[in-house]
Amino acid sequence: EQNETTNVVSDFTDFEALGCNSSDPFAIIVHGWKESCQTEWLVDMIGNLSNVRTGCIYCMNYNNFSRHDDYFGLVRQFSPISEVLVEKLRQLENFGYNFDDGYMFGFSYGAHLAFESLRRFGPGKLAALDVCEPAGPGFDGEQQYRDKDPKEAAKNVQCIHTSDNYGTHERKCHQNWNMGRCGKSQDAAGPYPKGSHGLCPYIFNSAFKYDFLAMPNKQRCETKRLAPAWPKGFRMGYFMDRKSDVIGDLFAATSKEYPYFDNTFANEVNEV
């Protein structure tokens, strides 16, 4: 039996009353600016995770803050909003969850909330964190964020990059996937909310059904930590082999149309 709930940010701590069981795995999703737990990609992700995981899926809904137009005002509230998520993680731990069975996904501003809250809660406690497009504005230029190591957030931290205008320029996760044109832009980009930045969680959702396979750096994208090799079938997304020793920058193609995958060159494998 699978349960979904989206009221994590409230003071509600009776997870059992929601039908959640502390012996089950759990997952948390953290949305971005101008979004909520009803945002299209997030609803799709709840469905995708429900198909492959048992247990409850929680959504951090901070839409009361994120719905406003003042993005940098939201950045100024980053620390107290992060603390709300830290407190929720403590409540989930007290409920009895095993964090080795835990999973979190964050997008944009929500990716930074995931990094920060998990580091504060306890470095490396959570099994897996996947993030799409950690926001660049308000974070990349700030020493207090730049000096922190995203790898401390979980045992494995996978970061997916699709833009260089709103997405971070940093590449410090265990795996950094540069999608499409060097992780800087996507051929499928359209108007907001599905520009190169906003497409990232949609591409991630697509990877539940389609394989975005690692491929050689054909475009000669700039990279300081190229993954030297990867096993056959190594792919971006929830199903990435987290037990592999692959660390560094990875590349995967995307297409102009939904479902966005393009494996033209992906059969050229660098075997570990």
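We now turn to the structure provided with this report. Just so we're clear, the structure is a prediction, and the values are computed from it rather than from any experiment.

Points about empty space enclosed by the protein
Phase 1 of the analysis: Applying the stated criterion across every chain, the model contains two cavities of 30 Å³ or more.
Phase 2 of the analysis: Considering only enclosed or pocket space, the largest cavity measures out at about 230 Å³ in volume.
Phase 3 of the analysis: Forming the walls of the largest cavity are 18 residues, and the residues nearest its centre are His 112, Phe 115, Tyr 145, Pro 150 and Glu 170.
Phase 4 of the analysis: Listing elements by their share of the lining of the largest cavity, those giving two or more residues are α5 (109-121), α6 (143-146) and β6 (154-161).

Here we look at helix α1 (residues 40-52)
Phase 1 of the analysis: With 13 residues, α1 should cover 18 Å at 1.5 Å per step; its first-to-last C-alpha distance of 19 Å lies within 8% of that length.
Phase 2 of the analysis: For α1, the full list of buried residues reads Trp 41, Leu 42, Met 45, Ile 46, Asn 48, Leu 49 and Ser 50.

A short note on the state of the cysteines
Phase 1 of the analysis: Counting across every chain of the model gives five disulfides.
Phase 2 of the analysis: Two residues, Cys 37 and Cys 59, share a disulfide whose sulfurs are 1.9 Å apart. On the S-S bond that ties Cys 37 to Cys 59, the torsion sits near -90°, and the link is left-handed. Here Cys 37, found in the loop between β2 (26-30) and α1, pairs with Cys 59, found in strand β3 (residues 55-60); they are 22 residues apart in sequence, far enough to count as distant. For the pair Cys 37 and Cys 59, one class covers both residues: buried.
Phase 3 of the analysis: The cystine pairing of the chain, numbering bonded cysteines in sequence order, is 1-3, 2-4, 5-9, 6-7, 8-10.

What about the pattern of salt bridges?
Phase 1 of the analysis: Tallying each qualifying case throughout the model produces 17 salt bridges.
Phase 2 of the analysis: Put simply, Arg 119 and Glu 116 hold a salt bridge, and the shortest N to O gap is 3.0 Å. Residue Arg 119 and its partner Glu 116 are both found in helix α5; the two are separated by three residues, about one turn of the helix. Each member of the pair Arg 119 and Glu 116 is classed as buried.
Phase 3 of the analysis: Of the charged contacts, one joins Glu 170 and Lys 172 as a salt bridge, the two residues approaching to 3.5 Å between their closest N and O atoms.
Phase 4 of the analysis: Judged by its relative accessible area of 26%, Glu 170 falls in the partly exposed class.
Phase 5 of the analysis: By relative accessible area, which is 27% here, Lys 172 ends up partly exposed.
Phase 6 of the analysis: It is possible to trace a salt-bridge network through shared partners that takes in Glu 83, Glu 87, Arg 90, Glu 116, Arg 119, Arg 120 and Lys 148.

Looking at the side chain of Ser 206
Phase 1 of the analysis: Structurally, the position occupied by Ser 206 is in helix α7 (residues 200-206).
Phase 2 of the analysis: Among the polar contacts made by the side chain of Ser 206, one reaches the main-chain carbonyl oxygen of Pro 259 at a distance of 2.6 Å.
Phase 3 of the analysis: Residues in contact with Ser 206, not counting those within four places in the same chain, are Phe 212, Pro 259 and Tyr 260.

Description of the packing of aromatic side chains
Phase 1 of the analysis: Across all of its chains, the model carries 28 aromatic pairs by this definition.
Phase 2 of the analysis: An angle of 35° between the planes, with centres 4.9 Å apart, marks the rings of Phe 99 and Phe 121 as tilted. A residue pair is termed long-range when its members are at least 10 positions apart, and Phe 99 in the loop between α4 (78-95) and β4 (102-107) and Phe 121 in helix α5 qualify at 22 residues. Each member of the pair Phe 99 and Phe 121 is classed as buried.
Phase 3 of the analysis: Ring geometry for Tyr 103 and Tyr 238: centres 5.1 Å apart, planes at 80°, overall edge-to-face. With Tyr 103 in strand β4 and Tyr 238 in the loop between α7 and β8 (248-252), this pair connects stretches of sequence that are 135 residues apart.
Phase 4 of the analysis: Taken together, the ring pairs connect Trp 33, Tyr 62, Tyr 71, Phe 72, Phe 78, Tyr 109, Phe 139 and Tyr 145 into an aromatic cluster.
Phase 5 of the analysis: Taking NZ or CZ as reference, Lys 194 lies 4.5 Å from the ring centre of Tyr 202, over its face.
Phase 6 of the analysis: Here the guanidinium or amino end of Arg 242 rests over the ring plane of Tyr 238, the centre of that ring lying 5.9 Å away.

Rules and cut-offs
Residues numbered from 1 in each chain as written. Predicted model: local features only at pLDDT ≥ 70, side-chain atom pairs only at ≥ 80, totals over all residues. Heavy atoms only, no water. 1 Å grid on protein atoms, 1.4 Å probe; cavity = no way out; pocket = protein on both sides within 12 Å on 5 of 7 lines; lining within 4 Å. Points joined across faces, edges and corners; volume = space filled by probe spheres on them. Helix = DSSP H or I, 4+ residues; strand = E, 2+ residues; numbered from the N terminus. Expected span 1.5 Å × (residues − 1). Buried < 20%, exposed > 50% of the residue type's maximum accessible area, 1.4 Å probe, protein only. Disulfide = S-S within 2.5 Å. Salt bridge = Lys/Arg side-chain N within 4 Å of Asp/Glu carboxyl O. Polar contact = N/O pair within 3.5 Å; in protein donor to acceptor, adjacent residues only side chain to side chain. Contact = heavy atoms within 4.5 Å. Phe/Tyr/Trp six-rings, centres within 6.5 Å; stacked < 30°, edge-to-face > 60°. Lys NZ or Arg CZ within 6 Å of the ring centre and 35° of its normal.

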